Amino acid sequence: QSGRQAGRQAGRKAGRGLYNCRKQDKGNGNFWRGEMADEGTKKHSILEFFSGIGGMHYAAENWSRASSSSRSVEIVAAFEVSDVCNLVYSSNFGENPIQRSIEHLDASYLDSFNADTWLMSPPCQPYTSMGKQKDDQDPRARALLHLCQVVQDMQRPPNFILLENVNNFQHSNSHDRWLQALGSIGFMVHEFLLSPTQFGIPNERIRYYALARRIGKSSWNPDDIGKLLRYIPGREDVVCAAEEVEEVAGEDKEEDKMSKHREGGHGLIYVDLNRTRASMFQHCKPIAAYLDESSQVDLTPYMVADNDLMKWKGYVFDIVTPESRRCSCFTKSYSKYIRGTGSLLSTNFYDEEGRCIFDVEDPWSIQDLNAMRGLKLRYFTETEVSRLMGFPEERFKFPQEMLYPKSRLGYRMLGNSLNVEVVASLLEYLFKED
């Protein structure tokens, strides 16, 4: 364990010393390598690795639209091996990602794009707490490990890199190797652990982010190297609440364990009944702001079936209402498994007088299926989940054949994606100049 900790410290601190002694751009010596789009407008040329359904692409576009500086973005290439993800990507952007394994991309090939920015969200399965945690021994980690070497071999490596992954990535050997590789060619790296709830979005999705700058003027504080930041410096509107959210997630696990020992009880949990927890999310918008109009969308297929409702005994159901100001992280198994994959929406939690339909002092008192039916539980639709994850509704759609109940592909791809708004905010920090 001490060896692992030492490795992590070495990886995080590698950038501090090496950044100072290798500031010159290997190949051209200049900070800015992007194109000039129009007079006075700089363009970031971006390579999008593990592009999926285009979350990084949307984030870059959102940042460019919102940026106060005269900068634009161009995705010069996207790389993705999944057929279904590429179908969604091409249908929304009109461009086809390059369907080549990242493990087979060499330094000269990547140099040819002359890209100044890399964006990536590598596969999280080697690191997720629910998986086998094989880390760098997992075949799905090979692509990232290949980039660790390739970025060091390039004649014109990028100036900016943003990586997103699950929380556990920060404890991995892959993480250490990535930071050591970046440090060896003069990158300054700042690391973050952030959740959308900190940005007023009512969805808990704690993720790790590594932002790296290689050269040039920056308002970044070198003292933050090696730290795990729970906020974005300079962004006073971003609530510093990640630690509290993380603690609450731990409480959920304990509640889950306790529910198994309640004789005749079930795991029905309604978060608004927990006043302490609910108060943490008062700055978030209500979930109602992200929901489909029942008059415009047929929500019948999304109602939870009786055979799943019967699983309330011994299971934890995270039930929210339109008035709630948080919901759980949606995973790729949402709708396939009812437990631990995302929140369920109750459309009938209150009676006509605004009272809960069951005893709020004893939420474990529901003992029959009819009572559970009364809650009118349904899954969030793919469109609702994509809104919570920041995908622009007017520019993002799934093909109909990928939607529930015909298919769970939409949920699966969203579960493997990222929050667009959080990444767009981080890009503002990544590209920020003095």
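Below is a short write-up of the structure. (Residues numbered from 1 in each chain as written. Predicted model: local features only at pLDDT ≥ 70, side-chain atom pairs only at ≥ 80, totals over all residues. Heavy atoms only, no water.)

1. Overview of helix α3 (residues 83-93)
For α3, the full list of buried residues reads C85, N86, V88, Y89, S90 and F93. Buried positions along α3 lie against β2 (42-49), α2 (55-66), β3 (71-79) and α12 (409-415). The N-cap residue of α3 is S82: its side-chain oxygen and the backbone nitrogen of C85 are 3.2 Å apart. One or two steps after α3, the chain reaches G94, where phi turns positive at roughly 70°. (Buried < 20%, exposed > 50% of the residue type's maximum accessible area, 1.4 Å probe, protein only. Helix = DSSP H or I, 4+ residues; strand = E, 2+ residues; numbered from the N terminus. Contact = heavy atoms within 4.5 Å. Polar contact = N/O pair within 3.5 Å; in protein donor to acceptor, adjacent residues only side chain to side chain.)

2. So, helix α13 (residues 420-430)
When you tally the buried positions in α13, you get 9 out of 11 residues, the bulk of the element. Of the positions making up α13, those classed as buried are V420, V422, V423, A424, S425, L426, L427, Y429 and L430. On its buried face, α13 is in contact with α2, β4 (117-120), β5 (160-166), β6 (188-194) and β7 (207-213).

3. Concerning the packing of aromatic side chains
Enumeration according to the criterion identifies 24 aromatic pairs in this entry. Here Y58 and F396 contribute two aromatic rings whose centre-to-centre distance is 5.9 Å and whose plane-to-plane angle is 85°, an arrangement assigned as edge-to-face. Taken together, the positions of Y58 in helix α2 and F396 in the loop between α11 (382-388) and α12 put the pair 338 residues apart, joining distant regions of the chain. For the ring pair Y404 and Y411, a centre distance of 6.0 Å and an interplane angle of 55° mean the geometry is tilted. The residues Y404 and Y411 share a single accessibility class, namely buried. Through pairs of rings, three or more aromatic residues link up here, namely Y302, F330, Y334, Y379, F380, Y404 and Y411. Taking NZ or CZ as reference, R100 lies 4.6 Å from the ring centre of Y109, over its face. Sitting over the face of the ring of W220, R213 holds its NZ or CZ atom 5.8 Å from the ring centroid. (Phe/Tyr/Trp six-rings, centres within 6.5 Å; stacked < 30°, edge-to-face > 60°. Lys NZ or Arg CZ within 6 Å of the ring centre and 35° of its normal.)

4. What about the layout of surface pockets?
Estimates place the volume of the second largest pocket at around 380 Å³. In terms of lining, the second largest pocket is formed by 19 residues, of which the most central are Y302, E382, T383, Q400 and L403. Along the lines of polarity and charge, the residues of the lining of the second largest pocket split into 9 nonpolar, 4 polar and 6 charged. (1 Å grid on protein atoms, 1.4 Å probe; cavity = no way out; pocket = protein on both sides within 12 Å on 5 of 7 lines; lining within 4 Å. Points joined across faces, edges and corners; volume = space filled by probe spheres on them. Nonpolar A, V, L, I, M, F, W, Y, C, P; charged D, E, K, R; others polar.)

5. Topic: the nonpolar core
In terms of nonpolar packing, the biggest core is built from 72 residues, with F380 and L427 touching the most fellow members. Considering every element that reaches this core, the biggest residue donor is α13, with 8 residues. Residues M120, A141, L144 and L179 belong to the second largest nonpolar core, which totals 37 residues. (Core = buried A, V, L, I, M, F, W, Y, C linked by side-chain atoms within 4.5 Å.)

6. Observations concerning the packing of helix α5 (residues 142-153) against helix α6 (residues 173-184)
Describing two packed helices takes the angle between their axes plus the distance from one axis to the other. α6 packs onto α5 with a crossing angle of 10° between their chain directions and a minimal axis gap of 9 Å. Relative to α6, the element α5 lies roughly parallel. Across from L144, L145, L147, C148 and Q152 in α5, the residues of α6 making contact are S174, R177, W178, A181 and S184. The class makeup of the residues in the contact of α5 with α6 is 6 nonpolar, 3 polar and 1 charged. (Axes fitted to C-alpha atoms, helices over the stretch in contact; angles between N-to-C directions. Parallel < 35°, antiparallel > 145°, perpendicular 65-115°, else oblique.)

7. Some words on the pairing of β4
Residues in a regular strand point their side chains to alternate faces of the sheet. Side chains T117 and L119 project from β4 onto one buried face, and the interleaved W118 and M120 project onto a second face that is buried too. As paired elements, β2 and β4 share 4 bridges and run parallel to each other. Counterpart to E48 in the pairing with β4 is L119. As paired elements, β4 and β5 share 4 bridges and run parallel to each other. Within β5, the residue paired with T117 across the bridge is F160. One crossover worth recording links β4 to the parallel β5 by way of α5, and it is right-handed. (Pairing = 2+ DSSP bridges. Right-handed = clockwise from strand over helix to strand, strands pointing away.)

8. Describing the pattern of salt bridges
By the definition in use, this model includes 15 salt bridges. In this structure, D138 and R140 form a salt bridge, with 3.0 Å as the shortest nitrogen-oxygen distance. With a shortest N-O distance of 2.5 Å, D306 and R373 are connected by a salt bridge. Of this pair, D306 sits in helix α9 (residues 306-309) while R373 sits in helix α10 (residues 369-374), and the two are 67 residues apart along the sequence. (Salt bridge = Lys/Arg side-chain N within 4 Å of Asp/Glu carboxyl O.)

9. Quick word on empty space enclosed by the protein
It is a probe the size of a water molecule, rolled over the atoms, that shows where empty space is left. One pass over the structure, following the stated rule, counts 1 cavity of 30 Å³ or more. Every residue along the wall of the largest cavity is listed here: F330, T331, Y334, V385, Y411, L414 and G415. The biggest single contributor to the lining of the largest cavity is α12, with 3 residues. Its residues assigned to classes, the lining of the largest cavity shows 5 nonpolar, 2 polar and no charged.

10. Concerning the environment of H57
With respect to the element layout, H57 can be found in helix α2. In sequence terms H57 and I46 are 11 residues apart; their C-alpha atoms lie 9.0 Å from each other.

Taken by themselves, the reported measurements are silent on function.
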